[in-house]
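Okay, here's what each chain looks like letter by letter:
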Amino acid sequence: MYKLRPILKPYYDNLEKGKIMGMKCQDCGDVVWPPLPTCQKCGSTNLDWIDLGTEAVIDEIRFEDSSVGGDYTFRKADEFFVSKEPYCVCVGHFPAGTHQFHAALYGVTEENKDELTSQLPFKADAEFIQLDGGFKSVGFRVRK
Amino acid sequence: MLKQKFARPVSIIGTSSLPQRSFDDPEYKDLSIYELWAAACNQAMQDAGIKPKDVDKLVYSQMANFVTMGNVMSPVGSLEEWAGLAGKPVTHIEQACAGGYLAFNEAVNSVASGKYDIVMCAGLETPKHFNARNQPAYMLQPIQKYDGWWSPGRALFDTAYNRFDGVSDNLLTEEQGKYYIKHYGIDEKTLDDTYNAMAINLRYNASHNPRALERTPYSEIAKKAGYDDVMAYMRSDNNPKITQYIRKSGSVLHNVEAGAIIVCSADIAKKYQDHPITVIDHASVSNTQRYPFCFHQMNVDVRDALYGGQDNFNPDDLDLMITTVMTSGEQLDSAEVFGYLPEGKGYKYELEGRTRFDADRPINPHGGDLSFGHGFGCAGINMLSEAIMQMRGTAGGSQVPKPVNDVLVRGMGGGHTTVGILLENQD
Ligand SMILES: [Zn+2]
């Protein structure tokens, strides 16, 4: 029986408290983040919340110079970010997660990107990105 | 001969052939999207030798109608009126840049089901301009002035809820470059040269095609900038890198588009068209960019679905591949995944110019999205129109100089949907 329950509100409420929640399938053990009510691996809806912690493994770095811009649609979406600090995109995963994801990664610059790339994979801390709509999103920040 | 897969066989009997232009082009002076739409629909009907009364149903594709057409929600009624189809059934498809291909598939399905005999699929899109909600459609404004124009991360790539906003086409299609280097052991410089050669090849094609948006060959552009060696120009700051792999020349060009195609039940096709084209099969998958390498995986999944329906299908037998190329990596990845170029060796074909329209493995003879142009929800219609003209031998200056009987059209939209369509000349 599908259990009708809030998924999005608890997820975003927890982000305000500095917690990143995913969902773990009670039937096959697959973990989905951000949370979804259906297991993406086996199709079960028997999923429970799991605290993913605030540390992720960064597997790859995708660095883009957004000032070049092939066309106007390729500007980044950061107009909705309260902080205008530049970021790049990374591929990462949570130690407790079972899938890689794309996320924002702060602290990568033209100067340090080659050095950081040579250190992959490395651990990074969650960065709770304040969005202008009054909620937070999850990114990561390179450790100093 | 390929095996057509529909319960009732379907043929293509008509297509439009409008050029790819911008509203800033003098050729399109004083026009709005409505005139272009009417022209495209009428071209297709004239090509098929039918009148609006003969069309049983319309399937129309547009992605950004709310944004670009004065905040109208699905303008199906007025579009039908402009095409002379008022009172007919119409279905609107919005699935980003995959919409045009899916509109075609839905038109095919509508005939294949036996419900309708003649169906038009059509698209329109104005990526660079919009109409204010308090002004008529010919009063165009640059899209940059639209407050709230879609932002790639939010509106397109994150359709379920606000996950992460930073995704861009460039970054995610560049994973195809990453994938290529990792699996096939070529170095970054060779990949850069491959992508530059691809841009040169596509522009070469477009320079022979008056319908293309950008028609000046890169060799000419390079000369004007003081370079005798076109590759030196392509590697220079005149063609800056947007991402680690993608240069400006490897990123899609947007333009206003309208297009239309007519399909009908195969048993009546000859009545309308001397040269009907058989629709063999179509397949599509959708996915999300939450997981890395989604673009590549969608190609794999569509290939398996499409080729799986054929016995002993050999992609070497394809005469032509037409494929979306939002950024350079997409053409190479899709051509290899679909077996049109040999896996891990396709880069050599680009470097040696073998993908040009007049060479042995032509891809995107019209110039592709990098030179022919691209108009979101209409793009798929015009990619299919190019396939139709190539198969008839009427594609003009960029006509592939050999019989074009078996064609794979592969399209992608929004980073979430990939489509494959097989067409064959069986008559
Ligand atoms: Zn499961």
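The model shown is predicted, which means the values in this text are computed figures rather than measured ones. (Residues numbered from 1 in each chain as written. Chains lettered and ligands numbered in written order. Predicted model: local features only at pLDDT ≥ 70, side-chain atom pairs only at ≥ 80, totals over all residues. Heavy atoms only, no water.)

Engineer: So, the pattern of salt bridges: which residues are in play, and what are the values?
Structural biologist: Counted according to the given criterion, the structure contains 27 salt bridges over all chains. Here A:Glu60 and A:Arg62 are joined by a salt bridge, their closest N and O atoms 2.6 Å apart. For A:Glu60, a relative accessible area of 15% puts it in the buried group. Residue B:Lys189 is joined to B:Asp193 by a salt bridge in which the shortest nitrogen-to-oxygen separation is 2.9 Å. Of the two residues, B:Lys189 and B:Asp193 are both situated in helix H8 (residues 188–207); the distance of four residues between them amounts to about one turn of the helix. Take B:Lys189: its relative accessible area is 52%, and that puts it in the exposed class. On the basis of relative accessibility, which here comes to 9%, the residue B:Asp193 falls in the buried class. A single salt-bridge network, built from bridges that share partners, covers A:Glu55, A:Lys123, A:Asp125 and A:Arg143. (Salt bridge = Lys/Arg side-chain N within 4 Å of Asp/Glu carboxyl O. Buried < 20%, exposed > 50% of the residue type's maximum accessible area, 1.4 Å probe, protein only. Helix = DSSP H or I, 4+ residues; strand = E, 2+ residues; numbered from the N terminus.)

Engineer: Residues and numbers for the nonpolar core, please.
Structural biologist: Residues and elements named next belong to chain B. Counting residues in hydrophobic clusters, the biggest one holds 37 residues, and the most contacted among them are Ile12, Phe104, Ile261, Val263, Val409 and Leu423. Ranked by residues supplied to this core, first place goes to helix H4 (residues 99–112) with eight residues. Formed by 35 residues, the second largest nonpolar core is a distinct cluster that contains Met63, Met321, Val337 and Leu341. (Core = buried A, V, L, I, M, F, W, Y, C linked by side-chain atoms within 4.5 Å.)

Engineer: With reference to specific residues and values, describe the sheet that holds strand S11 (residues 417–424) of chain B.
Structural biologist: Residues and elements named next belong to chain B. If you trace the nine strands from one edge of the open sheet to the other, you get S3-S2-S4-S7-S1-S8-S11-S10-S9, paired in mixed fashion. Only two strands of the sheet have a single neighbouring strand rather than two, namely strand S3 (90–93) and strand S9 (320–323). Neighbouring strand axes in the sheet, compared pairwise and without regard to direction, differ in orientation by 25° on average. Strand direction decides the pairing type here: strand S8 (residues 277–286) and S11, joined by eight bridges, are antiparallel. Across the sheet, the residue bridging to His282 is Ile421, located in S11. Packing against the sheet, helix H13 (residues 328–337) makes contact with S9 and strand S10 (406–413), and its axis sits at approximately 135° to S9. Sitting on the sheet, helix H16 (residues 376–392) is in contact with strand S1 (10–15), strand S2 (57–61), strand S4 (118–125), strand S7 (257–265), S8, S9, S10 and S11, with an inclination near 60° to S7. (Pairing = 2+ DSSP bridges. Axes fitted to C-alpha atoms, helices over the stretch in contact; angles between N-to-C directions. Contact = heavy atoms within 4.5 Å.)

Engineer: Can you tell me about the pairing of strand S5 (residues 87–93) of chain A, naming the residues and giving the values?
Structural biologist: Residues and elements named next belong to chain A. Most of S5 sits out of view: six of its seven residues are buried. By the bridge criterion, five bridges tie strand S4 (residues 55–62) to S5 in an arrangement that is antiparallel. Following the sheet pairing, Ile61 is matched in S5 by Cys90.

Engineer: Could you give an account of the confidence of the model for chain B, naming the residues involved and the relevant values?
Structural biologist: Residues and elements named next belong to chain B. On average, residues of chain B carry a pLDDT of 92, and 94% of them reach 70 or more. Here residues 153–160 is a poorly scored stretch, pLDDT under 50, and it has 26 contacts once near neighbours within four places are set aside; other chains count. For residues 162–167, every residue scores under 50 in pLDDT, and the model assigns this stretch 28 contacts once sequence neighbours within four places are set aside. (pLDDT = per-residue confidence, 0-100.)

Engineer: Provide a residue-level description of the domain arrangement of chain A, including the pertinent values.
Structural biologist: Residues and elements named next belong to chain A. Under the domain assignment used here, chain A contains domain 1 (8–51) and domain 2 (55–142). When domain 1 packs against domain 2, close to 1000 Å² is buried across both sides, 69% of that on carbon and sulfur atoms. Put simply, domain 1 and domain 2 have one salt bridge between them. Its salt-bridge partner being Glu16, residue Lys136 comes within 2.9 Å of it at the nearest N-O pair. Our count for the domain 1 to domain 2 interface comes out at four residue pairs in polar contact (both at pLDDT 80 or more). For the side of domain 1 that touches domain 2, the residue count by class is seven nonpolar, two polar and three charged. (Domains from an automatic or database assignment. Buried area = accessible area lost by both parts, 1.4 Å probe. Polar contact = N/O pair within 3.5 Å; in protein donor to acceptor, adjacent residues only side chain to side chain. Nonpolar A, V, L, I, M, F, W, Y, C, P; charged D, E, K, R; others polar.)

Engineer: Tell me what's going on with the sheet that holds strand S3 (residues 47–51) of chain A, and back it up with residues and numbers.
Structural biologist: Residues and elements named next belong to chain A. Taken together, three strands build an open sheet; the order of strands is S2-S1-S3 and the sheet is antiparallel. At either end of the open sheet lies a strand with only one pairing partner, and these are strand S2 (31–32) and S3. As paired strands, strand S1 (residues 21–25) and S3 are joined by five bridges and run antiparallel to one another. Counted as the bridge partner of Gly22 is Ile50 from S3.

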